Amino acid sequence: MEGLNTLRYREDGNAAHVTLVRSHIDMAMVRELTQVCDHLEDESDCKVVVFRGEGGQFCKGIDFKDFRPDQPMDIHGFNKWEKACMRIERLPKATISIIEGTCSGGGAQLALVTDATIAHPSARIQFDEVHLGFLPGMATFRLAKHVGLGHAKRIIMQCPVLSPEEAKDLGLVQTISEDLDAALAQMIEAFGPIHNVAVYLARRLLNESYSVDFENAIGHFLAAQHRAIGQTAFLDTIKRLSKE
Amino acid sequence: MANPAVRNLFQASHIERRHLVLPEPSADGIPQESQEALLKKHRHWALRLAREAIEACLSPRGLKPEDIDYLCCISSTGFMLPGLTAMFIKHLGFRVDCQRTDVVGMGCNAGLNGLNPVASWAVAHPGQNALMVCCEINSALYVYDDTIGTGVVNSLFGDGCAAALIRAEESADGPALQDFHSHIIPEAWGAMRYDWDLSQNKFSFHLDRDVPYVLGVHAETPVNGLLGRHGLKRRDISHWIIHSGGKKVIDAIKYNVGITAHDVRHTVGILRDFGNLGSGSFLFSYKRLLEEDCVHPGDYGVMMTMGPGSTIETALLHW
């Protein structure tokens, strides 16, 4: 991938690595995250996408330099950010964030839309938006599903700085490790042979599970399952396991 | 209904309302209508619904039936000769030199099978008016026998008629019809079909239980073909106008094409409010999309209809 300024992109075997080279999220980064999603969907055979920061930090949130206090505010930049998050959340790949140092605001939102998070002991997670007078994006929608409404209210309204241990207890972090690369290798191993369609459909049904009633959900499940069992991945499984 | 499984079909929540023309129930249930009565019902109500649909389509543009140069009528719920176009010319004020086509017996997908030649005609006759009328009186084609097979059909379809004006002109207020892509699944030839019910001497519509899944498996193929020719990805499509085939059909399209509940909001809404209206369903969804006033110049849309053959028809719109 060429022409990226706010991100670095490289592919290593099955994994695509996306490094945030700016400490803050600006509109250029939002645009480039979208470009990376295009590339991942259209061209890349990678099965895992890893998001990480640089220089011992993950991401310090939104870049306020993009705003002009003397101009009327508009919502369009926030809309673009939400669309980028949605794209990442729906990639037909497993997504992992590796966080260390500051992971706040938009950084915490980004980690929240990935499938799993690895934290360095130095990581400090904070949804600090409400203290700054605005809202933590659609984390207002997603966070309660992860941690329950009570914890979500505390995290979003009181803006505590969460240690990796607290975040792990809440289910926001899966693994804490000094050796991030070893932890990543282990996590990729845990995801196993990633079948894109099965990963995409399983995640979609899980994400929809809180907002759909059972009667609709079973219809969705049957449609999704029918698609999954028609894929070569499942047909290969049958061939292999029926011989055992 | 004696059969509780059939009763459950009618009580499912995804359809709240349908319009049907049915005889008053008798003491021992629903009276049987003969095939002759059903054909008459189709003719009578097709004319009545079409009169309203055509008026609703033309009058906001200051047009009358006599301004129409080409008329295409689509119906699969009643066989007649002469066809609907001839009947509409006789009764609704179209000119006697109006050119015409009747698309008969192509089922729920037929709206796009009709739109394709209508669009070509419009391009060949710039500035002239082509009108497409999708008219399905589903209550004129049914068998009632308390089995699951007829129960599925009888609990799904509704009567409805939609009309669309198609013109080739520089400054159109509607989208450009850019392309069509068809896909037929010959191995599922008989999945949706008319049978002759010997015990009741009537046509009966048969719907395989695997229809949603067969359509789901093949749904990506025409979409990829249509979009691929124009260098478009599914994420470039802002509006999906999909036939309201039934809840399972909509789910199959959603999870196979990878589109969202928001993308199928009108498809689901039309199913809820009218049932499956056959060939005209997608035009009802299209009308709701326009009423939202959320379409922007430059937006792309995909129309998608599914039906017997088994068939998936698609069209690409560009605003």
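Sequence order as written defines residue numbering, which begins from 1 separately in each chain. Lettering of chains starts at A and numbering of ligands starts at 1, both following the order in which they are written. For a predicted model such as this one, the threshold for reporting local features is a pLDDT of at least 70, and the threshold for listing and counting side-chain atom pairs is 80 or more; totals across whole chains, interfaces and linings nevertheless cover every residue.

Let's shift gears to the overall build of chain A. Numbering goes from the N terminus for both helices and strands, where a helix is a DSSP run of H or I of at least four residues and a strand is a run of E of at least two. When you go through chain A residue by residue, the secondary structure sums to 11 helices and 8 strands. For the radius of gyration, the atom set is restricted to C-alpha positions; the globular benchmark scales as 2.2 Å times the number of residues to the power 0.38. Its C-alpha atoms give chain A a radius of gyration of 19 Å, near enough to 18 Å, the size a compact globule of 244 residues would have. Per-residue burial for chain A yields a buried fraction of 33% across its 244 residues. Throughout, a residue-residue contact means that the two C-beta atoms, derived from backbone geometry, are no farther apart than 7 Å. Pairs at least 24 apart in sequence give 69% of the contacts found in chain A among residues at least 6 apart. Partly exposed residues are those whose C-beta has more than 12 but fewer than 20 other C-beta atoms within 10 Å; 20 or more makes a residue buried and 12 or fewer makes it exposed, with C-beta atoms placed from the backbone.

Residues and elements named next belong to chain B. Looking along the chain, the bond that leaves L81 and enters P82 is cis, with omega of 0 degrees. Summarising the element assignment, P82 is placed in the loop between β1 (70–75) and α3 (84–92). The step from G309 to S310 runs through a cis peptide bond, and the omega angle for that step is -15 degrees. Relative to the assigned elements, S310 resides in the loop between β9 (300–307) and β10 (311–318).

Next up on the list: the nonpolar core. Definition of nonpolar core: a set of buried Ala, Val, Leu, Ile, Met, Phe, Trp, Tyr and Cys residues joined via C-beta atoms within 7 Å. Ranked by internal contacts, the top residues of the largest apolar core, which has 90 residues, are A50(B), C72(B), I74(B), V118(B), M132(B), V133(B) and C135(B). Discounting residues that sit within four places of it in the chain, V118(B) has contacts with Y70(B), C72(B), A130(B), M132(B) and I166(B). Core analysis: the second largest hydrophobic core is formed by 48 residues, V48(A), I118(A), A139(A) and L143(A) among them.

All names here are of chain B. Segmenting chain B into domains produces domain 1 (4–166) and domain 2 (176–318). Domain boundaries shown here were taken from an automatic or database domain assignment. For domain 1 and domain 2, the distance between their C-alpha centroids amounts to 18 Å. Listed per partner, the contact involves 39 residues of domain 1 and 38 residues of domain 2. Sorting the residues of the side of domain 1 that touches domain 2 by element identifies α2 (35–58), α4 (110–124), β3 (130–136), α5 (148–154) and β4 (160–166) as the ones contributing at least two each. Broken down by element, the residue count for the side of domain 1 that touches domain 2 peaks at 7 residues, all from α4. Broken down by class, the residue content of the side of domain 1 that touches domain 2 amounts to 19 nonpolar, 16 polar and 4 charged. Under the scheme applied, nonpolar residues are Ala, Val, Leu, Ile, Met, Phe, Trp, Tyr, Cys and Pro; charged residues are Asp, Glu, Lys and Arg; polar residues are all the others, including Gly.

Turning to the sheet that holds β1(B), a few remarks are in order. All names here are of chain B. Pairing between strands is defined by DSSP: at least two bridges between the two strands are required. What the 4 strands build is an open sheet, ordered β2-β1-β3-β4; its pairing is mixed. Both edges of this open sheet fall to β2 (99–104) and β4, since each of them pairs with a single strand only. On average, each strand axis in the sheet is inclined to that of its neighbour by 15 degrees, with strand direction left out of account. Sheet topology places β1 next to β2; 6 bridges connect them, and they run parallel. Along β2, the bridge assignment pairs S75 with V104. Where helices are involved, their axes are fitted lines through C-alpha atoms of the stretch in contact, as for all axes, and angles between N-to-C directions lie from 0 to 180°.

A few words on the domain arrangement of chain A. Residues and elements named next belong to chain A. Domain annotation of chain A identifies domain 1 (7–191) and domain 2 (196–242). Placing the centre of domain 1 and that of domain 2 at their C-alpha centroids yields a distance of 26 Å. Counting from both sides, the interface comprises 6 residues of domain 1 and, opposite them, 6 residues of domain 2.

The next thing to look at is the packing of helix α1 (residues 27–42) of chain A against helix α2 (residues 76–89) of chain A. Residues and elements named next belong to chain A. The geometry of α1 relative to α2 is characterised by a closest axis approach of 9 Å and an angle of 30 degrees between their N-to-C directions. When the axis of α1 is compared with that of α2, the two are roughly parallel. Both α1 and α2 take part in a crossing whose hand is left-handed. Counted together, M27, V30, L33, T34 and C37 of α1 and G77, K80, W81, A84, R87 and I88 of α2 form the full contact between these two elements. Residues belonging to the contact of α1 with α2 are distributed by class as follows: 7 nonpolar, 2 polar and 2 charged. Orientation is classified from the angle alone, with under 35 degrees giving roughly parallel, over 145 giving roughly antiparallel, 65 to 115 giving roughly perpendicular, and any other angle giving oblique. By definition, any crossing whose near helix is turned counterclockwise from its far helix by less than a right angle is left-handed, and any crossing with a clockwise turn is right-handed.

Here a helix's expected span is defined as the number of its residues, less one, multiplied by 1.5 Å. Given a rise of 1.5 Å per residue, 12 residues ought to cover 16 Å, and the 16 Å separating the end C-alpha atoms of helix α8 (residues 180–191) of chain A matches this to within 8%. Directly after α8(A), the chain includes G192(A), whose backbone phi takes a positive value near 70 degrees.

What follows is about the pairing of β4(B). Residue and element names in this part refer to chain B. Of all 7 residues in β4, 6 are buried; the element is thus mostly enclosed. For β3 and β4, the ladder comprises 7 bridges, and the chain directions are antiparallel. Opposite V133, over in β4, you have A163 as the bridge partner.

Every residue gets a pLDDT, meaning the predictor's confidence in that residue, from 0 to 100. With 100% of its residues at a pLDDT of 70 or more, chain B has an overall mean of 95. Across the whole predicted complex the pTM is 0.90, and at the interface the ipTM reaches 0.81.

Another point: the sheet that holds β9(B). Strand pairing in a sheet is mediated by backbone hydrogen bonds. Such pairs are either parallel or antiparallel. Residue and element names in this part refer to chain B. Ordered in space as β5-β10-β9-β8, the 4 strands form an open sheet in which the pairing is mixed. Single-partner strands in this sheet number two, and they are β5 (176–184) and β8 (237–242). For this sheet, the mean inter-axis angle between neighbouring strands, taken without regard to orientation, is 20 degrees. When β8 meets β9, the two strands line up parallel, connected through 5 bridges. Paired with I242 across the strands is M304, a residue of β9.

Residue and element names in this part refer to chain B. Of all the residues in helix α9 (residues 265–274), the buried ones are H266, T267, V268, I270, L271 and F274. Of the surrounding secondary structure, the elements contacted by the buried residues of α9 are β4, β8, α8 (247–257) and α10 (281–292). Downstream of α9 by a residue or two, G275 has a phi angle that is positive, lying close to 75 degrees.

Before going further, it helps to spend a moment on the environment of I253(B). All names here are of chain B. Within the secondary structure, I253 sits in helix α8. On the basis of neighbour count, I253 is assigned to the buried category, with 28 C-beta atoms found within 10 Å. Along the chain, I253 and E220 lie 33 residues apart, while their C-alpha atoms are 8.5 Å from each other. Every residue in contact with I253, bar those within four places of it in the chain, is listed here: G216, A219 and I242.

Now for the interface of chain A and chain B. On the side of chain B, 12 residues touch chain A, which itself brings 10 residues to the contact. No other element matches helix α10 (residues 214–229) of chain A, which puts 7 residues into the side of chain A that touches chain B. Its residues placed into classes, the side of chain A that touches chain B shows 3 nonpolar, 4 polar and 3 charged.

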